[in-house]
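Breakdown of the fold
Each chain, written out:
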Amino acid sequence: QVQLVESGGGLVQPGGSLRLSCAASGSFFSIYAMGWYRQATGKQRELVAAVTSGGSTNYADSVKGRFTVSRDNAKNTVYLQMDSLKPEDTAVYYCYADVGIDRGSIPDDYWGQGTQVTVSS
């Protein structure tokens, strides 16, 4: 089994910063892409940012230049540094990981429990 545990959400004023962390644990062969989605009330879940095991990154247009995704492969952990936060960034943020359980197996997606980020004055 693979578990993803998130931390770092909370309440922040517009223009402020937060850093989310997500650590993967369990028995697996390799973690491929890791990243973050978010879901605001009444909206569909959307990709925020992702990073491959080699360090290539991808961002939603709405967060480019403000958010930075990174990972520590030795710790099986992905981070999301969020700067210049806006009220529209308010959402539940979910981390995910594409995990190969065994050598040669097709990766499966695993998800964290979600952490609330609220941007409000």
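In what follows, the accompanying structure is described. It should be emphasised that the depicted structure is a prediction, and the values quoted were computed from it without experimental measurement.

Analysis parameters
- Residue numbers run consecutively from 1 along every chain, following the written order of its sequence.
- Note on the predicted model: pLDDT of at least 70 is required for a residue's local features to be given, and 80 or more for side-chain atom pairs to be given and counted; whole-chain, interface and lining totals, by contrast, use all residues.
- Side-chain measures here rest on the full set of heavy atoms in the structure, leaving out hydrogens and waters.
- We define a nonpolar core as any set of buried Ala, Val, Leu, Ile, Met, Phe, Trp, Tyr and Cys residues linked to one another through side-chain atoms lying within 4.5 Å.
- When a residue's accessible area, from a 1.4 Å probe over protein chains only, is under 20% of the maximum for its type it is buried; when over 50% it is exposed; and in between it is partly exposed.
- In this text, helices come from DSSP runs of H or I with a minimum length of four residues, and strands from runs of E with a minimum of two, each type numbered from the N-terminal end.
- Here, residues are in contact when the closest pair of their heavy atoms is within 4.5 Å.
- Criterion used throughout: strands pair if DSSP finds at least two bridges between them.
- Working convention: axes come from line fits to C-alpha atoms, limited for helices to the stretch in contact. Angles between N-to-C directions cover 0 to 180 degrees.
- In protein, a polar contact means a hydrogen-donor-capable atom and an acceptor-capable atom, both N or O and within 3.5 Å, with residues adjacent in sequence counting only if both atoms are side-chain atoms; elsewhere, any N or O pair within 3.5 Å suffices.
- Charge convention: Lys and Arg are scored as positive, Asp and Glu as negative, and His as well as the terminal groups of each chain are ignored.
- Put simply, a salt bridge is a Lys or Arg side-chain nitrogen that is within 4 Å of an Asp or Glu carboxyl oxygen.
- The term disulfide is used for any two cysteine sulfur atoms that are within 2.5 Å.

Counting residues in each nonpolar core, the largest one holds 30 residues, and the members touching the most others are Trp36, Leu80, Met82 and Tyr93. Counting only elements with at least two residues in this core, the list comes to β1 (2-7), β3 (18-26), β4 (30-39), β5 (46-51), β7 (67-72), β8 (77-82), β9 (91-100) and β11 (115-119). Sorting elements by how many residues they give to this core places β9 first, with five residues. Filtering out sequence-adjacent residues up to four positions away, Tyr93 remains in contact with Glu6, Leu20, Trp36, Tyr37, Arg38, Val48, Phe67, Leu80, Met82, Gly114, Thr115 and Val117.

Okay, the sheet that holds β7 next. Reading across from one edge, β1-β3-β8-β7 is the order of the four strands in this open sheet, with antiparallel pairing throughout. Each of the sheet's edge strands pairs with one partner strand only, and the pair in question is β1 and β7. The average undirected angle you get between the axes of adjacent strands in this sheet is 15°. Here β7 pairs with β8 via six bridges, running antiparallel. Residue pairing across strands places Asp72 opposite Thr77, the latter belonging to β8.

Relative to the assigned elements, Arg66 resides in the loop between β6 (57-59) and β7. Judged by relative accessible area, Arg66 falls into the buried class, the value being 10%. Engagement of the side chain of Arg66 in a polar contact is seen with the backbone oxygen of Ser62, the distance being 2.9 Å. Every residue in contact with Arg66, bar those within four places of it in the chain, is listed here: Gln81, Met82, Asp83, Ser84, Leu85, Lys86 and Asp89.

The next point concerns the side chain of Arg71. Assignment of secondary structure puts Arg71 in strand β7. Notably, Arg71 is buried but unbridged: the nearest opposite-charge side chain belongs to Asp98, and the N-O separation is 8.1 Å. Within the local environment of Arg71, its side chain forms a polar contact with the backbone oxygen of Val51, the two atoms lying 3.1 Å apart. A polar contact is formed between the side chain of Arg71 and the backbone oxygen of Thr52, at a distance of 3.3 Å. The residues contacting Arg71, other than those within four sequence positions of it, are Ile31, Tyr32, Ala33, Met34, Val51, Thr52, Ser53, Thr77, Val78 and Tyr79.

This part is about the environment of Met82. The topology assignment puts Met82 in strand β8. On a C-alpha basis, the gap between Met82 and Arg19 in space is 5.9 Å, while along the polypeptide they are 63 residues apart. Apart from the residues within four sequence positions on either side, Met82 is in contact with Gly16, Ser17, Leu18, Leu20, Arg66, Phe67, Tyr93 and Val117.

Inspection of the entire model under this criterion finds one disulfide. Two residues, Cys22 and Cys95, share a disulfide whose sulfurs are 1.9 Å apart. Taking the torsion about the S-S bond as the criterion, the Cys22 to Cys95 disulfide, at about 40°, is right-handed. In this pair, Cys22 sits in strand β3 while Cys95 sits in strand β9, placing the two residues 73 residues apart along the sequence. Exposure remark for Cys22: the relative accessible area of 0% places this residue in the buried category.

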